[in-house]
Amino acid sequence: MKRIACLFLCLFTFYTALAQSPQDRKAILGILNRQIADWNAGNVDAFMNGYWKSDSLTFVGKVGVTYGYDATLSNYRKRYPDRASMGTLKFDILRLTFPAKGAAYVIGRWHLTRPQIGDVGGSFTLLWQKIGGKWVIVSDHSS
């Protein structure tokens with residue numbers, strides 16, 4: 001009985017490891033790189049293309065929890081109204097894992113270089129989901 005349980009555990013682990021392809025990892029990293037480029041071009045609307053366009057999107061930041069794509073976009077626009085406040089964005093991806101099929105988890109650091117008003121930065125965790133064949137951020141916790 002122990003051998004059968006061990007076999008099932010090994011098969012489950014192997015299947016979970018194969019559930020996401022190298023293309024999934026590449027797609028997520030590509031979206032993050034595109035977000036950096038869009039931000040650094042001053043295009044918050046394009047930056048938001050990495051997020052799930054849904055009222056169920058969650059964003060947790062220093063002011064609390066925001067629900068929904070439109071509210072999250074509005075907060076970005078308020079907090080970063082001009083190029084000086086947006087600065088130059090850099091991400092450091094510390095970990096990218098796939099805990100289940102169609103789900104990804106990213107841990108990283110963000111940094112804004114802003115010579116005129118001072119640099120800021122912090123950490124983030126992103127929960128991704130593959131919806132309609134496309135990877136999107138469904139929950140963002142940035143501090």
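Just so we're clear, the structure is a prediction, and the values are computed from it rather than from any experiment.

Undergrad: It is not clear to me how the overall build of the protein chain should be interpreted in this structure. Could you clarify?
TA: Regarding its fold elements, the protein chain presents 5 helices and 6 strands. The linear arrangement of helices and strands in the protein chain, starting from the amino end, is α-α-α-β-β-α-α-β-β-β-β. Within the protein chain, the proportion of its 143 residues that are buried is 36%. Carbon and sulfur atoms make up 60% of the accessible area of the protein chain, which totals about 8,700 Å².

Undergrad: How should I be thinking about helix α2 (residues 22-40) in this particular structure?
TA: With 19 residues, α2 extends 27 Å from end C-alpha to end C-alpha; this agrees with the ideal 27 Å at 1.5 Å per step. Along α2, the positions that sit buried rather than exposed are Asp24, Ile28, Ile31, Leu32, Gln35, Ile36, Asp38 and Trp39. At the exit of α2 stands Gly42, carrying a positive phi of roughly 80°.

Undergrad: Explanation requested: the nonpolar core in the structure shown.
TA: Soluble globular proteins tend to bury their nonpolar side chains together. Formed by 29 residues in total, the largest nonpolar core has its most connected members in Ile28, Trp39, Tyr51, Tyr76 and Trp128. Elements with a minimum of two residues in this core: α2, α3 (44-47), α4 (69-79), β3 (88-100), β4 (103-113), β5 (120-131) and β6 (134-142). At 5 residues, α2 tops the list of elements feeding residues into this core.

Undergrad: Got a minute to help me understand the pattern of salt bridges in this structure?
TA: Per the counting criterion, the structure on display carries 4 salt bridges. A salt bridge links Asp24 to Lys130, with the shortest nitrogen-to-oxygen separation between them at 2.8 Å. Within this pair, whereas Asp24 is found in helix α2, its partner Lys130 is found in strand β5, the two being separated by 106 residues in sequence. Exposure remark for Asp24: the relative accessible area of 7% places this residue in the buried category. The class of Lys130 is partly exposed, set by a relative accessible area of 36%. Linking Arg34 and Asp38 is a salt bridge whose minimum nitrogen-to-oxygen distance equals 3.5 Å. Here the residue Arg34 and the residue Asp38 both occupy positions in helix α2, the gap between them amounting to 4 residues, near one helical turn. Of the residues examined, Asp38 reaches a relative accessible area of 16% and is grouped as buried.

Undergrad: Before we go on, may I ask you to explain the pairing of β3 in this structure?
TA: Remember that side chains alternate between the two faces of the sheet whenever the strand is regular. Sheet topology note: the β3/β4 ladder contains 10 bridges and is antiparallel. By the bridge assignment, Ala100 is partnered in β4 with Ala103. Taking the residues that link successive antiparallel strands as the turn, the β3-β4 hairpin has 2 residues, and the phi of Gly102 there is positive, at about 80°.

Undergrad: Help me understand the side chain of Ser142 in this model?
TA: Summarising the element assignment, Ser142 is placed in strand β6. A residue is classified by how much of its surface remains accessible, and Ser142, at 16% relative accessible area, is buried. Engagement of the side chain of Ser142 in a polar contact is seen with the side chain of Asp140, the distance being 2.6 Å. When near neighbours in sequence (up to four residues on either side) are disregarded, Ser142 contacts Phe59, Val60, Gly61, Lys62, Trp110, Ser123 and Phe124.

The rules we used
- Residues numbered from 1 in each chain as written.
- Predicted model: local features only at pLDDT ≥ 70, side-chain atom pairs only at ≥ 80, totals over all residues.
- Heavy atoms only, no water.
- Helix = DSSP H or I, 4+ residues; strand = E, 2+ residues; numbered from the N terminus.
- Buried < 20%, exposed > 50% of the residue type's maximum accessible area, 1.4 Å probe, protein only.
- Areas by Shrake-Rupley, 256 points an atom, 1.4 Å probe, with all protein chains shown as cover.
- Expected span 1.5 Å × (residues − 1).
- Core = buried A, V, L, I, M, F, W, Y, C linked by side-chain atoms within 4.5 Å.
- Salt bridge = Lys/Arg side-chain N within 4 Å of Asp/Glu carboxyl O.
- Pairing = 2+ DSSP bridges.
- Polar contact = N/O pair within 3.5 Å; in protein donor to acceptor, adjacent residues only side chain to side chain.
- Contact = heavy atoms within 4.5 Å.

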